[in-house]
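# Structural description and commentary
The primary structure of each chain is shown beneath.
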Amino acid sequence: MKRVLSGIQPSGQLTIGNYIGAMQNFVKLQHEHQCFFMVVDLHAITVPQDPAALREQSESVAALYIAAGIDPNKAAIFLQSHVPQHAELGWLLTTLTYMGELERMTQFKDKSEGKDSVGAGLFVYPSLMAADILLYNADLVPVGDDQKQHLELTRDLAGRFNSRYGNYFTVPQPFIPEVGARIMSLDDASKKMSKSNANAGSNIFLLDDPAVIRKKISRAKTDSEAIVKYDPIHKPEISNLMSIYSHTANVSIADIEAKYEGQMYGPFKKDLAEQVAAFIEPLQTRYHEVRRSGEVYDVLQKGAQQAQEVAELTLNEVKRHMGFVLPRR
Ligand code: AQP
């Protein structure tokens, strides 16, 4: 069985971009793969986090995994900080990473832009992400398009380790959806939808009230052409809304174009708002059940045990390859 690893940062409330770019594929892949899905709390602290908010968001992301349909009996769901091998392998891989490689990362450039002081953790984040993946010798990594560059670095680090210390790591492949790989902001289609964007009108949060979702979609920016046609280069705003429709209603872009041929944006937006609200309502119901029942704590404990079994073996092998003296058992 091929191995799959991915994670989401508890750095805010999850958006429909996180769902379409990542979680939707987590749910699909769990049936035929050995899956590890993390809440990457160690990544979240690469930018300042309020401790109470971090705790709440970490539990919330785990509960959303379950609510979205990840079955804890099929996939290991866990918090990154519950498996200390992530931080240790992260350090080992940091020593293999070149400054120039990290300096080229667009996410670092975006997140550090205009800041007076930037934490070193934000800079070395991609080495920790490589450790997350390589710790499980994952074959496939389901991510949105924005993480492609980090995954490329992971592949380079795996190759570098293998040629320097002997073949050990699996070189992972990205698993990126064809449509909706990058859901854009509702108010600015040149920026990706991000959970940490302070402008609430830019996002659809998975835990937004349906009335709020309807309002956000009705206010979403569009062009003045009023033709429902998928053309991400010339019509990025409507194409983005069409991607959201396609994923939440499970219909093709061609079918959406055919359905709204000759119509203005109004009817399309109205249907989209209803569609997204109907899609999100059962997810929210299940989410609140999971939070109320407390089952998330058992799931996280079991997930961390499963993950640690694999992670410990890998870390020992990595250290052996690198020349560390292993402690006697
Ligand atoms: N807009 C998006 N479209 C498609 N996929 C997306 N992802 C994030 N935003 C979009 C995918 O969600 C997964 C989890 O991402 P993350 O939390 O590890 O970090 P991120 O990519 O930085 O996500 P955000 O929402 O933008 O978080 P903040 O605001 O904290 O930086 C990844 O697979 C990502 O591709």
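Predicted model only: the values in this text are computed from it and were never measured. (Residues numbered from 1 in each chain as written. Predicted model: local features only at pLDDT ≥ 70, side-chain atom pairs only at ≥ 80, totals over all residues. Heavy atoms only, no water.)

### Comments concerning the domain arrangement of the protein
Spelled out, the test is: The start and end points of each domain follow an automatic or database-based domain assignment. Residue contacts are counted whenever heavy atoms from the two residues lie within 4.5 Å of one another. Buried area is calculated as the accessible area (1.4 Å probe) missing from two parts once they are joined, with the contributions of both summed. Should a side-chain nitrogen of Lys or Arg be within 4 Å of a carboxyl oxygen of Asp or Glu, the pair is scored as a salt bridge. Throughout this description, a polar contact denotes any pair of N or O atoms lying within 3.5 Å of each other; where both atoms belong to protein, one of them has to be capable of donating a hydrogen while the other can accept it, and for residues adjacent in sequence the pair is counted only when both atoms sit in side chains. Where helices and strands are cited, they refer to DSSP runs of H or I of at least four residues and of E of at least two residues respectively, numbered from the N terminus. Under the scheme applied here, ten amino acids are nonpolar (Ala, Val, Leu, Ile, Met, Phe, Trp, Tyr, Cys and Pro), four are charged (Asp, Glu, Lys and Arg), and all others, including Gly, are polar.
Taken domain by domain, the protein consists of domain 1 (3-176 + 294-322) and domain 2 (200-288). In this assembly, 16 residues from domain 1 lie in contact with 14 residues from domain 2. A combined buried area of about 1,400 Å² lies between domain 1 and domain 2, and 71% of that area is made up of carbon and sulfur atoms. Linking domain 1 with domain 2 are one salt bridge, by the criterion used here. At the surface where domain 1 touches domain 2, the tally comes to four residue pairs in polar contact (both at pLDDT 80 or more). Contributions of two or more residues to the side of domain 1 that touches domain 2 are made by α1 (16-29) and α3 (51-68). In terms of residue count, α3 provides more of the side of domain 1 that touches domain 2 than any other element does, seven residues in total. In terms of residue class, the side of domain 1 that touches domain 2 is built from ten nonpolar, four polar and two charged.

### Examining the site of the ligand
Condition: If even one non-hydrogen atom of a residue comes within 4 Å of a molecule or strand, that residue is called near it. Computed with a 1.4 Å probe, the accessible areas rest on the Shrake-Rupley method; for each residue, only the protein chains presented here act as cover.
Taken together, 23 residues lie near the ligand, and Ser-11, Asp-146, Ser-194, Lys-195 and Ser-196 sit nearest. The side chain of Asp-146 places a nitrogen or oxygen atom 2.5 Å from an oxygen atom of the ligand. Contact distances for the ligand include 2.4 Å between an oxygen atom and a side-chain N or O atom of Ser-196. Coverage of the ligand by the protein chains reaches 98% of its 640 Å² of free accessible surface. Residue contributions to the shell around the ligand peak at four residues, all from α1. Of the residues assigned to the shell around the ligand, the class counts are six nonpolar, twelve polar and five charged.

### Points about the side chain of Asp-146
Here Asp-146 is to be found in the loop between β4 (140-142) and α8 (148-165). A polar atom in the side chain of Asp-146 sits 2.7 Å from the side chain of Lys-192.

### Remarks on the environment of Lys-111
Quick note on the threshold: Think of it in three bands: with a 1.4 Å probe and only protein chains considered, a residue is buried below 20% of the maximum accessible area for its type, exposed above 50%, and partly exposed in between.
Within the secondary structure, Lys-111 sits in helix α6 (residues 106-112). Look at Lys-111 and you get partly exposed, because its relative accessible area is 27%. Sequence-wise, Lys-111 and Phe-123 are twelve residues apart; in three dimensions their C-alpha atoms are separated by 9.8 Å.

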